[in-house]
Amino acid sequence: TFLVAAAYGDVFGDRDGLFHNDTRILSELRLTLAGAPPSLLSAAISRDNVFFVSHLTNRPLPPLGGRSIPEGVIHLERSRFLRHEHLYERIELVNYGDHDALVPLGLRFGADFRDMFEVRGKTRSARGTLLPPEVAQARVIFRYQGLDHILRTTVVSFSAAPYLLGPERADFALTLAPNGRSEIFLCVGTRADAASADRSAYRQAAAQARRAMRERMRRGSRPRSSGRLFDQWIQKSRADLAMLTSDLPTGPYPYAGIPWFSTAFGRDAIITALQTLWLDSGLAHGVLSFLARHQATGTSSFQDAAPGKIIHETRKGEMTALHELPFGRYYGGVDTTPLFIVLAGAYADSTGDLALIEQLWPALLAAVSWMEQVGDAHPHGFISYARGERTGLANQGWKDSEDSIFHADGRFPSGPVAVVEVQGLAYAAFNAMARLAERRGGAMAAMRWRLRADTLRSEIEQRFWMPHGQFYGIAVDGEDQLCRVRASNAGYLLFVGLTDPARARQVSGQLLSADFNSGWGLRTLADGEARFNPMSYHNGSVWPHDTALCAAGFARYGERDGVLRLANEVFEAAVHFDMRLPELFCGFPRIAGEPPIAYPVACLPQAWAAGSAFMLLQACLGISIDGWNGEVSIDRPRLPGGIDRLTVENLRVGARRVTLHFHRVDHRVVAFSEAVGTDEPVSVLVHV
């Protein structure tokens, strides 16, 4: 359940509203004083992301049997939060005038029950039936009978009966003495027995919401630094991840982003779990468990499903239930399956938890079997994709917009398409399976998967490397032709450690050049390539998670200056975005004194954008955790600009914990550790 509203707190019914399970259950909520909107003073979201508060004041109010009220006399505060399936709101009015004030307050509301994809612009040939609203003393009930035979309900309740209540509006007449105040409580829910709308219910639900958020925020290790702004960024990123994480029966799971992707995505959740694994392995545990439970077992061209594939996206709306769209359970992500194995291997290496791997082993075998079958069908063993039906995604890597994969002259490739980063992830997945098989005593299987990884690596180096460009092409098409385009996808090969050091230096050097580096992070496509557009979704914009993955790749090859440069740039971008990094922003070059340029419909917040802060910090500090041996390695640590001291509290290493301290001394960074509580000391290896 999530809400998109204006700074006034109003919902107008365009692309905003209160959404539950991919359905808009509240499409209008507008507050007026004497029929006109009040004036906005300020609006903000609390640091913990629980409360939205808007401060408003009146425009001149006409006399209603008494005095007229001058402008700026009535202060109005709208305070709201979400708890479970309910929106709670308190509207408080205070009269700062010298005389009694009769304030006519109106609320307009409505529920259109449109599917999320309708709100995003999809048209439908038929819809279900909106039933007549039911008006009671202090509440209105809206109902919609969907074509999927599900009856959806919205209940709008008030703490007191308005003097006029209809199917679309409630009108109150509030008399306020000088310095007098009055409150109205509002609750919007999805059941006819929805929670009551009064002060007691509001306070109780608010306390529960704050307590739940505190519990989420306590999970994992906590970085703290000497930099106030840097700590604000870290804290906001933690709060955003906590807000986006749902506690499912399988464990915590980060939903991708608000508004359009507030649901379980495979790729986004896996990368978010990788970004935060060093601080909180519990998130990876929940992600792996959920994805294993929802792994494909059958074949469907409509869903792009095949046995062993890991889910790309889940939806619960009417359109997906009716198969108007394939996204109810959709498997059209070519990278999610190798990413699943990569995360399992990284989780095991970081925690030493072989018990979860035993539980996941059938799912891991099914996943690697799918990879092997797809690879065997390709002349070079590559993992390629081609959608089963036109309703599916045309491109199925992380850059899944229709124009994101192309040849150097701008032509779109024939399928099936093998994108470069997926081959790198497949290489890492085969190696991860080999390591896990060895832990389980499967030496022969380990040898087979390691051989497969080595063979794939050789083919990647031969088929994707562009000698004249000193870079890797973005894809190989169905006619075995290389798309000779320089894109950030090549950074994944550094992230997984596939390429040799010489080529890694050439790739990182180009990624850090002005062609890619906007000054706020890395563009997804090099300036000068066909289809480059800094305002596009995937062809020249900056995605923070993409920059963080490339930075982690730089760190793997010892490119410390490049890591620090990117970390500083992304942090400075976050400052301009009020410490909340969006899903993406425009890739225009940085100009002194000007902020980064927003992408107008980016998700905000978004899970892997928030998680990028932690992957960048890990790359700076050079931290890696060996859960099997209970060791932490710190490789040539660096601190972000302006930070002299940084502490990582309660870092879990296998079954033990340690606190790490980093101090800047002259021109280098020193690191030392201390055991937590009664834990045995953790071995900390520092290379400076």
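Higher on the page you've got the structure.
Since this is a predicted model, take the numbers as computed values, not measurements. Numbers given for residues are sequential positions, taken from 1 along each chain in its written order. For this predicted model, a pLDDT threshold of at least 70 governs which residues receive local features, and a threshold of 80 or more governs which side-chain atom pairs are given and counted, while totals over whole chains, interfaces and linings are taken from all residues. Note that water and hydrogens are dropped before the side-chain values are worked out from all heavy atoms of the structure.

### Observations regarding the packing of aromatic side chains
A pair of aromatic rings is counted whenever rings of Phe, Tyr or Trp (Trp by its six-membered ring) have centres within 6.5 Å, and the orientation is called stacked for planes under 30 degrees apart, edge-to-face for over 60 and tilted otherwise. Under the defined criterion, the tally for this structure stands at 26 aromatic pairs. Ring geometry for Phe113 versus Tyr144: centroids 5.7 Å apart, planes at 10°, classification stacked. Here Phe113, found in the loop between β9 (101-110) and α1 (116-119), pairs with Tyr144, found in strand β11 (residues 139-145); they are 31 residues apart in sequence, far enough to count as distant. Aromatic side chains Phe230 and Trp233 sit 5.8 Å apart centroid to centroid with 80° between the ring planes, which places their arrangement in the edge-to-face category. Remark: Trp233 and Phe230 occur in helix α3 (residues 228-244); sequence separation between them is three residues, near one turn of the helix. Joined through ring pairs, the aromatic side chains of Phe51, Phe81, Tyr88, Phe185 and Tyr202 make up one cluster. Sitting above the plane of the Trp628 ring, Arg439 keeps its charged end 4.0 Å from the centroid. Placement of a charge over a ring requires the Lys NZ or Arg CZ to be within 6 Å of the ring centre, with the centre-to-atom vector within 35 degrees of the ring normal. Across from the ring centre of Trp520, 3.8 Å away, lies the NZ or CZ of Arg590, which sits over that ring. The helix and strand labels rest on DSSP assignments: H or I over at least four residues marks a helix, E over at least two residues marks a strand, and numbering proceeds from the N terminus.

### Overview of the environment of Tyr385
Mapping Tyr385 onto the fold places it in the loop between α8 (354-376) and β21 (418-419). Along the sequence, Tyr385 and Phe585 sit 200 residues apart, while their C-alpha atoms lie 28 Å from each other. Apart from the residues within four sequence positions on either side, Tyr385 is in contact with Val334, Ala394, Asn395, Gln396, Gly397, Ile405, Pro416, Val417 and Val419. Any pair of N or O atoms that falls within 3.5 Å is considered a polar contact. Within protein, one atom must be able to donate a hydrogen and the other to accept it, and sequence-neighbouring residues count only if both atoms are side-chain atoms. A polar contact of 2.7 Å, which involves the side chain of Tyr385, links it to the side chain of Asn395. Residue contacts are counted whenever heavy atoms from the two residues lie within 4.5 Å of one another.

### Remarks on the state of the cysteines
The criterion for a disulfide is a pair of cysteine sulfur atoms lying within 2.5 Å. Going through the model one piece at a time under the given rule, you end up with zero disulfides. As a non-bridged cysteine, Cys550 has Cys620 as the owner of its nearest cysteine sulfur, 14 Å distant.

### Observations regarding the sheet that holds strand β30 (residues 668-675)
Spatially, the four strands line up as an open sheet ordered β16-β28-β29-β30, and their pairing is antiparallel. The sheet terminates laterally at β16 (222-225) and β30, the two strands that pair on one side only. Taken over all neighbouring pairs, the strand axes of this sheet differ in orientation by 20° on average, direction set aside. Note on pairing: DSSP must find at least two bridges between two strands before they are called paired. Bridge count for strand β29 (residues 656-665) against β30 is eight bridges, and the pairing is antiparallel. Pairing of Phe662 across the sheet is with Ala671, part of β30. Note on method: axes are straight lines fitted to C-alpha atoms, helices fitted across the in-contact stretch only, with angles between N-to-C directions ranging 0 to 180 degrees. Against the sheet, α3 makes contact with β16 and β28 (645-653), and its axis sits at roughly 160° relative to β16, the strand it touches most.

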